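Architecture and fold: a report
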Amino acid sequence: MDMIALEVVYANAPEGAVPLEHRADHRRRVLAALAPTEPIHFYFWDADVSGLLLFTDRRILQFPRLQVRRGLFSFTYRFETQEYPYSAILRVETARPTFFEFARLILHCRDRAVCIGLTRIDPEAHEAMAATLRQLVTAWQGGSPPEPEQATGPLADRLKALDDLLESGALDETEYRQARRRLLGG
């Protein structure tokens, strides 16, 4: 299964998915959520509500974008992190869009059902997403999760992304050292 670098994920973000003033904070949140050497196998940007979906070797990470009203006419954005481990997913379904509803990815978990609305996805991409997710869930539940890539791949990409965040001023020296230590497992 292909591995995708975080740089590629951000390079392919649709316009408006993450407002420019929030991009560094968003990347920091994503880096903090990913475990060291955790590979990304699939990603999808929903520019409206569902935000960024990452399928790793053991879970789905979702970074939805929520609008918060400030005053009568202004809004600000708030980003959250949701995690759905494959070990808790029993079944994956899709629902095609209708006139009144968005396309949906439905995760039937042990304790609840999770419905992720996808506002702008074509049917082929929707099915590819579900097929990839089913493959990852099946591999995980079969006792043989996909093997993580060598440390020279995703770990090197994450360290490079950290260096970029430091150079851009999105991270200060202390935050950089803490994040680097977490990535290296120390």
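Attention in this report is confined to the structure presented alongside it. For every chain, the first residue of the written sequence is number 1, and numbering continues from 1 along that sequence. The model is predicted, so local features are restricted to residues of pLDDT at least 70 and side-chain atom pairs to those at 80 or more, both for listing and for counting; the totals for chains, interfaces and linings are taken over all residues. For the side-chain quantities, the full set of heavy atoms in the structure was used; hydrogens and water were omitted.

Things to note about the packing of aromatic side chains
Counted only if it meets this: Ring pairs are drawn from Phe, Tyr and Trp, using the six-membered ring of Trp, whenever the two centres fall within 6.5 Å, and their geometry is named by plane angle: stacked under 30 degrees, edge-to-face over 60, tilted for the rest. Any residue under 20% of the maximum accessible area for its type is buried, any over 50% is exposed, and the rest in between are partly exposed; the area is computed with a 1.4 Å probe on protein chains only. Remark: a charge is flagged as sitting over a ring if the NZ atom of Lys or the CZ atom of Arg is within 6 Å of the ring centre and within 35 degrees of the ring normal.
Tallying each qualifying case throughout the model produces 3 aromatic pairs. With a centroid separation of 5.0 Å and 90 degrees between ring planes, the pair formed by F99 and F100 is classed as edge-to-face. Owing to a relative accessible area of 77%, F99 belongs among the exposed residues under this scheme. Above the ring of Y10, the side-chain terminus of R27 is found at 4.7 Å from the ring centroid.

Overview of the pairing of strand β8 (residues 103–109)
For clarity, the threshold we go by: Numbering of helices and strands runs from the N terminus; a helix is a DSSP stretch of H or I covering at least four residues, while a strand is a stretch of E covering at least two. Criterion used throughout: strands pair if DSSP finds at least two bridges between them.
Burial runs high along β8: 6 of the 7 residues are buried. For strand β7 (residues 89–95) and β8, the ladder comprises 6 bridges, and the chain directions are antiparallel. Among the inter-strand pairings, T94 is bridged to a residue of β8, identified as L105. By the bridge criterion, 6 bridges tie β8 to strand β9 (residues 113–118) in an arrangement that is antiparallel. Each bridged residue has a counterpart across the sheet, and for R104 the counterpart in β9 is G117. What sits between β8 and β9 in their antiparallel hairpin is a turn of 3 residues.

Quick word on the sheet that holds β8
Operational definition: Axis geometry follows a simple rule: fit a line to the C-alpha atoms, using only the stretch in contact for helices, then measure angles between N-to-C directions, giving values from 0 to 180 degrees. Only heavy atoms matter for contacts: two residues are in contact if any of them lie within 4.5 Å across the pair.
Read across the open sheet, the 3 strands follow the order β7-β8-β9; overall the sheet is antiparallel. In this open sheet, the two strands that pair with only one neighbour each are β7 and β9. Along the sheet, successive strands turn relative to each other by an average axial angle of 15 degrees, direction set aside. Along the sheet face, helix α3 (residues 123–141) touches β7, β8 and β9 and points at about 175 degrees away from the line of β7.

Things to note about α3
The condition that has to hold: Every helix has an expected span of 1.5 Å times one less than the residues it contains. Directions drawn from the helix axis to the C-beta atoms are what define this arc. In protein, a polar contact means a hydrogen-donor-capable atom and an acceptor-capable atom, both N or O and within 3.5 Å, with residues adjacent in sequence counting only if both atoms are side-chain atoms; elsewhere, any N or O pair within 3.5 Å suffices.
Between the first and last C-alpha of α3 there are 27 Å, a value that for 19 residues agrees with the 27 Å anticipated at 1.5 Å per step. Every buried residue of α3 is listed here: H126, M129, A130, T132, L133, L136 and V137. Looking down the long axis of α3, one finds its buried residues gathered within 165 degrees of arc, a one-sided arrangement. Along α3, the residues that are exposed and aim more than 90 degrees away from the buried face are E124 and T138. Taken together, the buried residues of α3 touch β1 (40–46), β2 (51–56), β3 (59–63), β7, β8 and β9. Of the residues that open α3, the one with a side-chain oxygen 3.1 Å from the backbone nitrogen of E124 is D122.

Notes on the environment of F63
The topology assignment puts F63 in strand β3. A relative accessible area of 1% means that F63 is categorised as buried. Residues F63 and R29, 34 residues apart in the sequence, show an inter-C-alpha distance of 8.6 Å. Residues within four places of F63 in sequence aside, it is in contact with H26, R29, V30, A33, S50, G51, L52, L54, E80 and T81.

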